Amino acid sequence: MAGPAPLYAEHPQDVLGQWLAWRQAGPVALVVVAATEGGSVRSPGALMAVSASGLKCGYISGGCVDADVVLQARQAIEEGKPRSLRYGTGSPFIDMPLPCGGAIDIMILPDADATEIQRCYGALAARQRAYLSLPGLDAPFSFTPKLSIRIAGRGADALALARLVRASGYGLSLQLRDGEDVDEAKRDGFMDVVALQSPDSLPDLSDDPWTAFILMFHDPDWEAALLKQALSGKAFYVGAVGSRRTQERRRARLAEDGLSTTSIDRVRGPIGLIPSMRDATMLAISALAEIIAAYKETQLSPFAKT
């Protein structure tokens, strides 16, 4: 294994990837949240990997029962038998109540099908919706690829959002307009930043249905070129900074360039859940919150048309 396991990994791709890495060295259990009742920290389908030595990757609660789950998983590995457990309301573990008052049903698979896990992991890594179907689970669980965000911008706003996206563990593509911003980004550890050269020679578009695009600088020629390119792709979210007046001017320019009203309506602006943010960091938080809300809608309605 190249590095330490992400203890609190959230996305199925990360947990399944760690399961596959540990599986090369020996037995490893896959823990699946099969169902929940009432309040719960994780949703059905949440995963945890537990090695025979007790290492874990992922979590299924806010810390209430995870230690016991690890113990149960290690015992399941030793016995070579799956375990179905319930915590919270109706559980035999009366000494481990859930503060939320709900219940969690979990399934521990000590020897899950490596081929199925590899298939599911590979699909997620390839940015495709994936289904995990294993003996012992009542039904398959559906997973979506990780959220990815492409930022095209200049100045403090773009860099503030890039730092927040990186800290949140989401995918990031950073395209910057000014040389000093590129230098600053590299000093901050963004080594694969792309320097935008000309509105007529944009980098190739690679947005997929799980990518959000956000424009974070003001320049009419660049705005039109970048937004038209983004709208021609599959991004589930397209947004641009600026006031309501700026958004009206932007819409008019796109209409002049021949874009349909339906297409123009995809461009969100002003961006963010909180209006009129003047601080780069606060704007970044507000914008990321809006992107996450749109991503959740996309997860719940994968076949809805934009």
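In case you missed it, the structure is sitting above this.
Reference entry: report on the structure contained in this document. Each chain has its residues counted from 1, following the order in which its sequence is written. With the structure being a predicted model, the display of local features is reserved for residues of pLDDT at least 70 and the display and counting of side-chain atom pairs for 80 or more, all residues being used for whole-chain, interface and lining totals. As a convention, hydrogens and water are excluded, and side-chain values are obtained from all of the structure's heavy atoms.

1. What to know about the environment of histidine 11
In step 1: Here histidine 11 lies in the segment before α1 (12–23).
In step 2: According to the relative accessible area criterion, histidine 11 is buried, its value standing at 14%.
In step 3: Separated by 36 residues in sequence, histidine 11 and leucine 47 have C-alpha atoms that sit 8.3 Å apart.
In step 4: Residues are treated as being in contact if the distance between any of their heavy atoms lies within 4.5 Å. Not counting the four nearest positions on each side in its chain, histidine 11 is found in contact with Leu124, Thr144, Pro145 and Lys146. Helix and strand labels come from DSSP, where a helix needs a run of H or I of at least four residues and a strand needs a run of E of at least two; each type is numbered from the N terminus. The cut-offs for exposure are 20% and 50% of the maximum accessible area for each residue type, with area from a 1.4 Å probe on protein chains only; residues under the lower value are buried, those over the upper are exposed, and the others partly exposed.

2. Notes on the sheet that holds strand β5 (residues 103–109)
In step 1: Reading across the sheet, the five strands line up as β3-β2-β1-β5-β4 and stay open at both edges, with antiparallel pairing between neighbours. The two strands at the open ends of the sheet, each matched to only one other strand, are β3 (56–58) and β4 (83–88). Mean inter-strand twist for the sheet, computed between neighbouring axes without regard to direction, equals 20 degrees.
In step 2: Bridge analysis of strand β1 (residues 28–37) against strand β2 (residues 47–51) gives five bridges, and the strand direction is antiparallel. Of the residues in β2, the one forming a bridge with alanine 29 is valine 50.
In step 3: For helices, the fitted axis covers only the stretch in contact; all axes are lines through C-alpha atoms, and the angles between them, taken along N-to-C directions, range from 0 to 180 degrees. This element, helix α2 (residues 66–79), spans β1, β2, β3, β4 and β5 of the sheet and lies at about 55 degrees to β2. Being paired, for any two strands, means DSSP has found at least two bridges between them.

3. Here we look at the pattern of salt bridges
Where charged atoms of side chains with opposite charge meet at close range, the side chains can pair.
In step 1: By definition, a salt bridge exists where a carboxyl oxygen of Asp or Glu is found within 4 Å of a side-chain nitrogen of Lys or Arg. One pass over the full model with this rule turns up 19 salt bridges.
In step 2: With a shortest N-O distance of 3.0 Å, glutamate 79 and arginine 83 are connected by a salt bridge.
In step 3: Here glutamate 184 makes a salt bridge to arginine 187, at a shortest N to O gap of 2.9 Å. On the criterion of helical spacing, the pair formed by glutamate 184 and arginine 187 is a turn pair, its members being three residues apart in helix α5 (residues 179–187).

4. Considering the pairing of strand β11 (residues 211–216)
In step 1: With six of its six residues buried, β11 lies for the most part within the structure.
In step 2: The alternating pattern of β11 places Thr211, Phe213 and Leu215 and Ala212, Ile214 and Met216 on opposite faces, both of which are buried.
In step 3: Judged from the six bridges that link them, strand β8 (residues 148–153) and β11 form a sheet pairing that is parallel. By the bridge assignment, arginine 150 is partnered in β11 with phenylalanine 213.
In step 4: By the bridge criterion, four bridges tie β11 to strand β12 (residues 237–240) in an arrangement that is parallel. In the strand pairing of β12, isoleucine 214 is matched with glycine 239.
In step 5: Crossovers are marked right-handed if the path from the first strand over the helix to the second runs clockwise, as seen with the strands pointing away from the viewer. For the handedness criterion, the β-α-β arrangement of β11, helix α6 (residues 220–231) and β12 is classed as right-handed.

5. Details of the packing of aromatic side chains
In step 1: Aromatic pairing here means that ring centres of Phe, Tyr or Trp (its six-membered ring) are within 6.5 Å. Orientation follows from the plane angle: under 30 degrees is stacked, over 60 is edge-to-face, and everything else is tilted. Taken as a whole and assessed by the stated rule, the structure comprises three aromatic pairs.
In step 2: Ring centres of tyrosine 8 and tyrosine 59 lie 5.9 Å apart, and the angle between their planes is 80 degrees; on these two criteria the pair is classed as edge-to-face. Here tyrosine 8, found in the segment before α1, pairs with tyrosine 59, found in the loop between β3 and α2; they are 51 residues apart in sequence, far enough to count as distant.
In step 3: Tyrosine 8 sits in the exposed class, given a relative accessible area of 56%.
In step 4: A relative accessible area of 14% places tyrosine 59 in the buried class.
In step 5: As a reminder, the over-ring test applies to NZ of lysine and CZ of arginine, requiring each to be within 6 Å of the ring centre and within 35 degrees of the ring normal. The positively charged end of arginine 42 is found above the aromatic ring belonging to tyrosine 59, 4.4 Å away from the centroid.
In step 6: Positioned over the ring face of phenylalanine 190 is arginine 166, at 4.0 Å from the centre of the ring.

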